[in-house]
Amino acid sequence: KAGVTQTPRYLIKTRGQQVTLSCSPISGHRSVSWYQQTPGQGLQFLFEYFSETQRNKGNFPGRFSGRQFSNSRSEMNVSTLELGDSALYLCASSTVAGTQETQYFGPGTRLLVL
Amino acid sequence: AQSVTQLGSHVSVSEGALVLLRCNYSSSVPPYLFWYVQYPNQGLQLLLKYTTGATLVKGINGFEAEFKKSETSFHLTKPSAHMSDAAEYFCAVSGTGGTSYGKLTFGQGTILTVHP
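A short tour of the structure in this document, coming up. Every value quoted in this text rests on a predicted model; they were computed, and no experiment measured them.

This brings us to the state of the cysteines. Residue and element names in this part refer to chain A. Tallied over the full model, the rule gives two disulfides over all chains. The residue that forms a disulfide with Cys-23 is Cys-91, at a sulfur-sulfur distance of 1.9 Å. Residues Cys-23 and Cys-91 are joined through a disulfide that is right-handed, its torsion about the S-S bond being 70°. Residue Cys-23 is located in strand E3 (residues 19-24), and its partner Cys-91 is located in strand E9 (residues 87-94); the two are separated by 68 residues in the primary sequence. Both residues of the pair, Cys-23 and Cys-91, belong to the buried class.

Here it is, written out as structure tokens:
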């Protein structure tokens, strides 16, 4: 079974631009979570989608948004990029709705904002 | 709200020595606890998790962890380190209920270095 895939793997943008990252979960997984990883702040939860609905959201500004499609694929969008948005963005998928379920992580998208 | 503290941002051991990575958590509800490993330029891989039941949890690659409620700890151990264990390790906690859906709260990570 294929793992979680994320595209693109690397991205360079300039301040003020917007970016869309994509995540394809493991087949059969309906929950997708997104995280931001930076050296200073570590791993921080962005949001989670289950059956096309956002069920949970972390403490990030409204510039960060996401959505999930009927096939469980998810995208996240960051508008008006800032230098501080440079990070590794990880998505993770899990089978069902329970909080005890294992989250399986993709390789991440490394975003550099210049 | 949950939080996780990993004691020691860097741990260095010799090959064959005991590996001990410390994790303490804070949770207002019974926690679910996880250890993940991250190799350079890769995502996170689950080592083991505790949900309910036996407090000593065995994971992949010879790692294990013990859930101690009285000490709010979930330390990760491995009897004999291998060079391939060099990586960054993250302890994470998840609670129950709506505010925990899909959300893992991570510690700051511990970089493990293994010397020959």
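Next comes the rest of the description.
A separate point is the side chain of Ser-93 of chain A. Residues and elements named next belong to chain A. Along the chain, Ser-93 turns up in strand E9. Within the local environment of Ser-93, its side chain forms a polar contact with the backbone nitrogen of Ile-26, the two atoms lying 3.4 Å apart. A distance of 2.8 Å separates a polar atom in the side chain of Ser-93 from a polar atom in the side chain of His-29.

Tallied over the entire structure, the rule returns seven salt bridges over all chains. A salt bridge links Lys-78 of chain B to Asp-85 of chain B; the shortest N-O distance between them is 2.9 Å. Considered together, Lys-78 of chain B and Asp-85 of chain B belong to a single accessibility category, that of buried residues. Salt bridges sharing common partners tie together Arg-63, Glu-82 and Asp-85 of chain A.

Another aspect to go through is the packing of aromatic side chains. By the definition in use, this model includes 13 aromatic pairs over all chains. Centre to centre, the rings of Phe-34 of chain B and Tyr-36 of chain B are 6.3 Å apart; their planes meet at 25°, and the pair counts as stacked. This pair shows no difference in class: Phe-34 of chain B is buried, exactly as Tyr-36 of chain B is. The structure contains a cluster of three or more aromatic residues connected by ring pairs, namely Tyr-35, Phe-45 and Phe-105 of chain A together with Phe-34, Tyr-36, Phe-90 and Phe-106 of chain B. Just above the ring of Tyr-101 of chain B sits the side chain of Arg-55 of chain A; from NZ or CZ to the centre is 3.9 Å.

Our focus in this paragraph is the interface of chain B and chain A. Between chain B and chain A, the contact holds 25 residues from the first and 24 residues from the second. Interface of chain B and chain A: buried area, both sides summed, is about 1,800 Å²; carbon and sulfur atoms make up 53% of it. Contact with chain A buries surface across chain B, with Leu-44, Tyr-101 and Gly-102 of chain B losing the most and accounting together for 28% of the total. The interface formed by chain B and chain A contains zero salt bridges. If you look at where chain B meets chain A, you find eight residue pairs in polar contact (both at pLDDT 80 or more). Mapped by element, the contributors of at least two residues to the side of chain B that touches chain A are strand E4 (32-38), strand E5 (44-50) and strand E9 (87-94) of chain B. For the side of chain B that touches chain A, the element with the most residues is E4 of chain B, which contributes four residues. Grouping the amino acids of the side of chain B that touches chain A by side-chain chemistry returns nine nonpolar, 14 polar and two charged.

The rules behind these values
Residues numbered from 1 in each chain as written. Chains lettered and ligands numbered in written order. Predicted model: local features only at pLDDT ≥ 70, side-chain atom pairs only at ≥ 80, totals over all residues. Heavy atoms only, no water. Disulfide = S-S within 2.5 Å. Helix = DSSP H or I, 4+ residues; strand = E, 2+ residues; numbered from the N terminus. Buried < 20%, exposed > 50% of the residue type's maximum accessible area, 1.4 Å probe, protein only. Polar contact = N/O pair within 3.5 Å; in protein donor to acceptor, adjacent residues only side chain to side chain. Salt bridge = Lys/Arg side-chain N within 4 Å of Asp/Glu carboxyl O. Phe/Tyr/Trp six-rings, centres within 6.5 Å; stacked < 30°, edge-to-face > 60°. Lys NZ or Arg CZ within 6 Å of the ring centre and 35° of its normal. Contact = heavy atoms within 4.5 Å. Buried area = accessible area lost by both parts, 1.4 Å probe. Nonpolar A, V, L, I, M, F, W, Y, C, P; charged D, E, K, R; others polar.

The quantities given are spatial measurements derived from coordinates; they are silent on function.
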